[in-house]
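Report on the structure
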Amino acid sequence: MSSTIKDVAKLADVSIATVSNVLNESKNVSELLKARVYDAIEQLDYRPNSIARSLKTNRSYSLGVIVPDVLNPFFAEVLKSIQHEASRKDYQILMYDSEEDAKREKQLMNSLIHAGVDGIIDITSRMKEDELREGISVPLVMADRQAFSSSDNVAFACVDNYTSGKLAAAHLVEQQYEKYVCIAGPVDTTTVAAKRMEGFTDRLCELGISTDDIIIKKCKYNFDEGYSVMKSIIREMETSKSYGVYASSDVMAWGSIEACNSMNIRIPDQIGIIGNDNIWCSEYVAGGFSTIENSAQKLGEISAKMLIEAIDHNGIFLEKEITLAPEICVRKTT
């Protein structure tokens, strides 16, 4: 038989009202009493009645999450972290895949609102600023997107993507490659890709690299694009020169590595490759490939915390923008 709120109150030696206040965060309760209530909840494996809870608080206790590609390991890690944080607060997740399409993304956002979610996390949005600037009817966290001026119920959580590009450029120059390539991703539709490319090219110029020795390739964020773009680079490359390549997502870096292997290119001698994101496979592909770490776990956790905090404060974000610092992971491909 499942436990009740009365059982929790009895075990914690507090009133039912105190347990309710702890669960709903509706009144100040001392940390000591909170600890006793949470200990009792854990011991009894108590789960609140979600329907009754929703009626009482006027919430659905559900969060909408939109991802551009659920098969991309980075987004999958972000989603997992969001799910973990939401579960701690007894929220459910409704997840949709926008398939990197801005029109579909907007339709999905409207669907989530109509479904009654309390808030939405939109990861690496393809929608234009003017569509998002005025906000929507529920709190919205733009995860992995550069901040812009917007309404009170829109907030931003991202990694410093400009610095990510700069770190990659500086590392490749340290390895003394002669030509530099950025497999940039969809720079025309995502600020993430654009900022990584800008940071990369700006840092190369600061370090004295001629624009004649910088090559930019635009494509989608996936394995196949990384593979095909790298093959085209190899066909066009000057065989007497060494190339340092920044693939601005790890799935593209993985594709690039496989393309080099298929064409008998020596890594890192002829071509050095550094990716971006530090997804799980980056430690194993090619014995471990160099990358820029953008913590998917932290991004998901922060996004969920920001959103739930805003829901608790009538849809107003207490913190509008959080930016995480990237770190470089040097491995065998550079």
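Residues numbered from 1 in each chain as written. Predicted model: local features only at pLDDT ≥ 70, side-chain atom pairs only at ≥ 80, totals over all residues. Heavy atoms only, no water.

1. Focus on the sheet that holds strand β7 (residues 214–218)
Strands in a sheet are paired, the pairing made by backbone hydrogen bonds, and the direction either parallel or antiparallel. The mixed open sheet is built from six strands, whose spatial order is β7-β6-β8-β9-β10-β12. Only two strands of the sheet have a single neighbouring strand rather than two, namely β7 and β12 (327–329). Strand-to-strand twist in this sheet, taken as the mean axis angle between neighbours without regard to direction, amounts to 20 degrees. With four bridges joining them, strand β8 (residues 243–247) and strand β9 (residues 271–277) adopt parallel strand pairing. From the neighbouring strand, G244 faces β9, where its bridge partner is G272. Across the face of the sheet, helix α9 (residues 191–206) comes into contact with β6 (179–185), β7, β8 and β9 while running at roughly 165 degrees to β6. (Pairing = 2+ DSSP bridges. Helix = DSSP H or I, 4+ residues; strand = E, 2+ residues; numbered from the N terminus. Axes fitted to C-alpha atoms, helices over the stretch in contact; angles between N-to-C directions. Contact = heavy atoms within 4.5 Å.)

2. Quick look at the environment of S240
By secondary structure assignment, the location of S240 is in the loop between α10 (223–236) and β8. When its relative accessible area of 61% is taken as the criterion, S240 is described as exposed. (Buried < 20%, exposed > 50% of the residue type's maximum accessible area, 1.4 Å probe, protein only.)

3. What about the sheet that holds strand β2 (residues 92–97)?
Read across the sheet, six strands follow the order β2-β1-β3-β4-β5-β11 without closing on themselves; strand pairing throughout is parallel. Each having just a single partner strand, β2 and β11 (321–324) make up the two edges of the open sheet. For this sheet, the mean inter-axis angle between neighbouring strands, taken without regard to orientation, is 15 degrees. By the bridge criterion, four bridges tie strand β5 (residues 154–159) to β11 in an arrangement that is parallel. Among the inter-strand pairings, F156 is bridged to a residue of β11, identified as E321.

Function-wise, these values are silent; they only describe arrangement.
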